[in-house]
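The residues making up each chain are set out below.
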Amino acid sequence: MTRDPGLQPERTRLAWRRTALALTAVTVLAIRLALTGDIAGALLAAAVVLLWAGALAACWGRAAGSGPTPVGPRALPLVALATAGLALLSVPLVLRGMW
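The rules behind the values
- Residues numbered from 1 in each chain as written.
- Predicted model: local features only at pLDDT ≥ 70, side-chain atom pairs only at ≥ 80, totals over all residues.
- Heavy atoms only, no water.
- Helix = DSSP H or I, 4+ residues; strand = E, 2+ residues; numbered from the N terminus.
- Buried < 20%, exposed > 50% of the residue type's maximum accessible area, 1.4 Å probe, protein only.
- Contact = heavy atoms within 4.5 Å.
- Areas by Shrake-Rupley, 256 points an atom, 1.4 Å probe, with all protein chains shown as cover.
- Core = buried A, V, L, I, M, F, W, Y, C linked by side-chain atoms within 4.5 Å.
- pLDDT = per-residue confidence, 0-100.

Draft legend 1. Representation of the overall build of the protein within the structure. For the protein, the count of helices and strands is 3 helices and 0 strands. Secondary structure elements in the protein, listed N-terminal to C-terminal, are α-α-α. Within the protein, buried positions represent 23% of all 99 residues. A sequence separation of at least 24 residues applies to 73% of the contacts in the protein between residues at least 6 apart. Element-wise, carbon and sulfur atoms account for 72% of the exposed surface of the protein, whose accessible area totals about 6,900 Å².

Here's what the structure looks like:
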């Protein structure tokens with residue numbers, strides 16, 4: 001019996017692209033807030049940029065749809081950790097932007 005993946009590969013690529021887009025949006029907002037603030041905002045934005053770069057490097061092949069990419073056992077947990085870190089770092093950025 002042959003395997004019929006259907007639309008699953010396309011849904012997976014789209015999910016990775018949405019993740020990369022959401023991470024990029026948070027990063028752009030962090031940079032925008034850092035440009036209008038003090039050194040604490042700049043340091044927070046630098047941490048966001050580092051997490052964004054790590055997450056983007058880990059999921060780029062899957063988001064680009066270049067076929068199955070060999071990922072190590074640590075790649076997906078690192079993307080999850082970077083996403084959670086960006087979520088935690090975005091809270092102070094949002095609160096800082098409200099004041």
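Draft legend 2. Examining the nonpolar core more closely. Judged by nonpolar contacts, Leu-23, Ala-30, Leu-33, Ala-34, Leu-44, Ala-45, Val-48, Ala-55, Ala-82, Leu-86, Leu-89 and Leu-93 together constitute the single largest core of 12 residues. Looking at this core, the elements that each hand over two or more residues are helix H1 (8-35), helix H2 (39-64) and helix H3 (75-98). Among all residues touching Leu-23, those that are not within four sequence positions of it are Trp-52, Ala-55, Thr-83 and Leu-86.

Draft legend 3. Fine view of the environment of Ala-53. Here Ala-53 lies in helix H2. In this structure, the C-alpha to C-alpha distance between Ala-53 and Ala-82, residues 29 residues apart in sequence, is 9.3 Å.

Draft legend 4. Representation of the confidence of the model for the protein. Confidence in the prediction of the protein, expressed as mean pLDDT, is 76, and 79% of residues score 70 or more. Highest mean pLDDT in the protein belongs to H1 (81); lowest belongs to H3 (76).

Draft legend 5. Representation of the side chain of Thr-27 in the model. In this fold, Thr-27 is placed in helix H1. In this structure Thr-27 touches Val-48, Val-49 and Trp-52, once residues within four positions along its chain are discounted.

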